[in-house]
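Results of the structural survey
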Amino acid sequence: MHGMLPSFHFSRLAPAIFLGFALTLPAAADPVVVELFTSQGCSTCPPADAMLGELIDRDGVIALSLHVDYWDWIGWKDTFADPAYSSRQRDYAAVARSNVVYTPQFVVGGTDQLAGPTGMELSELVARHEGVTGDVLRVASTAQGREVMAMATEGAGGLLILVNYLPEATVRVLRGENAGKDITYYNVVRSWSVLSRWDGGEASVIVPPAPPGQRQAVIAQAQVAGRPGPIRGAVLID
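Residues numbered from 1 in each chain as written. Predicted model: local features only at pLDDT ≥ 70, side-chain atom pairs only at ≥ 80, totals over all residues. Heavy atoms only, no water.

1. Things to note about the nonpolar core
Among soluble globular proteins, nonpolar side chains are generally buried collectively. In terms of nonpolar packing, the biggest core is built from 27 residues, with Val33, Leu64, Leu66, Val163, Val189, Trp192 and Ile219 touching the most fellow members. When residues of this core are traced back to their parent elements, those giving at least two are strand E2 (32–38), strand E3 (61–67), helix H2 (83–95), strand E8 (158–173), strand E9 (181–198), strand E11 (215–224) and strand E12 (227–236). Core analysis: the next-biggest nonpolar cluster, separate from the first, contains 16 residues, Val136, Ala150, Val207 and Ala220 among them. (Core = buried A, V, L, I, M, F, W, Y, C linked by side-chain atoms within 4.5 Å. Buried < 20%, exposed > 50% of the residue type's maximum accessible area, 1.4 Å probe, protein only. Helix = DSSP H or I, 4+ residues; strand = E, 2+ residues; numbered from the N terminus.)

Structural data, given as structure tokens:
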């Protein structure tokens with residue numbers, strides 16, 4: 001069980017929102033967002049990393065790996081870690097009225113937290129979230145680039161968040177608890193940025209291009225006293 005973390009602060013990108021567009025795309029439930037808080041320095045994490053790898057091909061799921069930095073002191077500095085992800089995990093704990101964070105931990109839909117579950121437990125939890133958000137976010141190509149459109153959603157609102165992630169990477173860990181192991185990680189988050197605030201009404205925002213070799217998703221997430229709350233919608237950009 002690991003780490004006590006500071007508050008999470010998003011970097012901000014172009015905030016412009018354009019209202020009043022018409023959409024004719026077919027309605028469908030948005031994917032379930034699964035976040036895994038993990039570390040290359042955590043000996044109990046590789047099974048969870050592999051579990052996330054099995055989820056990435058599941059229809060209706062956006063599975064993301066966020067590497068925390070609070071294991072770095074034990075001898076191996078995680079090559080994907082970011083203090084912001086440690087802070088995000090700490091904020092989830094605070095919303096759940098806990099002061100403890102640990103790896104591996106899954107967070108499903110921004111609400112349900114699981115510590116080192118079995119594959120069956122995780123699969124069943126994901127299934128319970130399927131179809132819950134409804135049709136909230138859509139993506140289209142425009143002359144300005146890729147555009148994400150939010151549907152008017154009663155009782156929603158929060159932040160529209162851009163996630164850039166690396167689809168797959170294998171790392172040889174040289175020191176620490178996993179010394180000598182080659183571990184493959186999936187959908188490794190490399191940046192997590194606020195595109196815009198969202199009031200729950202119709203809105204659209206242009207998405208900056210992905211860095212080379214990375215993919216993108218946009219998440220609509222409620223805020224609970226300035227911390228991450230339920231995920232209202234999500235969409236893959238490519």
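Now that the structure has been shown, we can carry on.
2. Things to note about the environment of Ser141
When you line up the elements, Ser141 lands in strand E6 (residues 137–142). Separated by 65 residues in sequence, Ser141 and Ile206 have C-alpha atoms that sit 9.4 Å apart. A polar contact of 2.5 Å, which involves the side chain of Ser141, links it to the side chain of Arg146. (Polar contact = N/O pair within 3.5 Å; in protein donor to acceptor, adjacent residues only side chain to side chain.)

3. Quick word on the packing of aromatic side chains
One pass over the full model with this rule turns up two aromatic pairs. Geometrically, the ring pair formed by Phe37 and Tyr92 is edge-to-face, given 6.2 Å between the ring centres and 75° between the ring planes. With Phe37 in strand E2 and Tyr92 in helix H2, this pair connects stretches of sequence that are 55 residues apart. The same class applies to Phe37 and to Tyr92, which are both buried. Measuring from centroid to centroid gives 6.3 Å for Phe80 and Tyr185, while their planes differ by 80°, and the two rings are edge-to-face. Here the residue Phe80 occupies a position in the loop between E3 and H2, and Tyr185 occupies one in strand E9, the gap between them amounting to 105 residues. Each member of the pair, Phe80 as well as Tyr185, carries the same accessibility label: buried. (Phe/Tyr/Trp six-rings, centres within 6.5 Å; stacked < 30°, edge-to-face > 60°.)

4. What to know about the sheet that holds strand E10 (residues 203–206)
Sheet architecture is open: three strands sit in the order E6-E7-E10, paired in antiparallel fashion. Of all the strands in the sheet, just E6 and E10 have a single pairing partner and so form its edges. On average, each strand axis in the sheet is tilted by 25° relative to the strand beside it, whichever way the strands run. Bridge analysis of E6 against strand E7 (residues 145–150) gives six bridges, and the strand direction is antiparallel. Following the sheet pairing, Leu137 is matched in E7 by Ala150. (Pairing = 2+ DSSP bridges. Axes fitted to C-alpha atoms, helices over the stretch in contact; angles between N-to-C directions.)

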